[in-house]
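# Survey of secondary and tertiary structure
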Amino acid sequence: MPPKIKIITGPIGAGKTTALNRIKESYKRKEIFVGQNVGFFDEPTDSTVANALLKEMYSRFPLANAQFETLQRYLLAVEANDLCNALSSSSNYDIVYFDTSVLFGIVFPQTAYDLEIINYETYLNCLTFYHQMISNINFENAEVTILKVIPSMDKCMEQINQRGRTFELGSVSIDYVAKLTDKIRSHCVGQILAGLEKPIKCCIDREYKSNDDLFNDIFFNENPNIISTPLNTPTQPLQSSHSNLSFYYPANQEQYFNVQGYLD
């Protein structure tokens, strides 16, 4: 049986990475998931490659169709690789947590197209590539839980301004975050997989107002007899391992995008 898949998603600035770091640190301290093997996949935008692509895209706003598509193809391919690794027959995990996932990869092009940041051709190219990546993943017997962190828009903007990505400042508007939030809320993974005729055991959606709510839900569900507040020690950003991945290529994917070329 494949491991249980837990996907943390939410708009930019929602605190997804903070939530994943807290879960990982609590697991390392053996406060949660005791006796279980738990894996963690970081958000690929934290990688050196993705950061370079992000900076290039933002530097060319609002005329960034080519850069936007390149970034999305890279992220979709990396995230598809991560999910394939987690669901593979050789995986020895009981549970795997993701900071974002290929399953939500299309909400960013949808948002950008609705706000006229990209043109229809770019959106259609991203949608086609998204379907190609999803279609090549085996979800049979998979149990997927979507953990949506949806804070207030003001909280998201505050986090964006504080986290130090200078190329985001002035480019990520509250209108963009609000539209992205709407897309994430309405995005139904089970429906997408059914449309692509991909069998899945179950897909559950949960929504939280903050990463604190998400973490506390996990912590106290794992430790029902504990009444004290869980430790909330600051954690350093996790070191991304995406530069060391053996990238997953579906049949003929090379003609669409060569991910490895960005890592040479």
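Below, the structure is looked at part by part.

## Looking at the packing of aromatic side chains
Under the criterion given, the structure shown has nine aromatic pairs. On the numbers, 5.3 Å between centres and 15° between planes, the contact of Tyr 113 with Tyr 123 is stacked. Residue Tyr 113 is found in helix 4 (residues 107–114), and its partner Tyr 123 is found in helix 5 (residues 120–135); the two are separated by ten residues along the sequence. Relative to Phe 219, the ring of Phe 215 lies with its centre 5.9 Å away and its plane at 35°, an arrangement referred to as tilted.

## Side note on the packing of helix 2 (residues 48–59) against helix 3 (residues 65–87)
Describing two packed helices takes the angle between their axes plus the distance from one axis to the other. Remark: helix 2 packs on helix 3, axes separated minimally by 9 Å, with the N-to-C direction vectors making an angle of 160°. Taken together, helix 2 and helix 3 sit at an angle that is classed as roughly antiparallel. For helix 2 against helix 3, the interelement crossing comes out left-handed. Across the interface between the two elements, Val 49, Ala 50, Leu 53, Leu 54, Glu 56 and Met 57 from helix 2 touch Gln 67, Phe 68, Thr 70, Leu 71, Tyr 74 and Leu 75 from helix 3. Its residues placed into classes, the contact of helix 2 with helix 3 shows nine nonpolar, two polar and one charged.

## Comments concerning unusual backbone geometry
For Phe 33, which is not glycine, the phi dihedral falls at a positive 55°. In this fold, Phe 33 is placed in the loop between helix 1 (16–28) and strand 2 (38–41). Residue Phe 33 is classed as buried on the basis of its relative accessible area of 5%.

Quick notes on the rules
- Residues numbered from 1 in each chain as written.
- Predicted model: local features only at pLDDT ≥ 70, side-chain atom pairs only at ≥ 80, totals over all residues.
- Heavy atoms only, no water.
- Phe/Tyr/Trp six-rings, centres within 6.5 Å; stacked < 30°, edge-to-face > 60°.
- Helix = DSSP H or I, 4+ residues; strand = E, 2+ residues; numbered from the N terminus.
- Axes fitted to C-alpha atoms, helices over the stretch in contact; angles between N-to-C directions.
- Parallel < 35°, antiparallel > 145°, perpendicular 65-115°, else oblique.
- Left-handed = near helix turned anticlockwise from the far one by under 90°.
- Contact = heavy atoms within 4.5 Å.
- Nonpolar A, V, L, I, M, F, W, Y, C, P; charged D, E, K, R; others polar.
- Buried < 20%, exposed > 50% of the residue type's maximum accessible area, 1.4 Å probe, protein only.

None of the figures reported here should be taken as evidence of function without further support.
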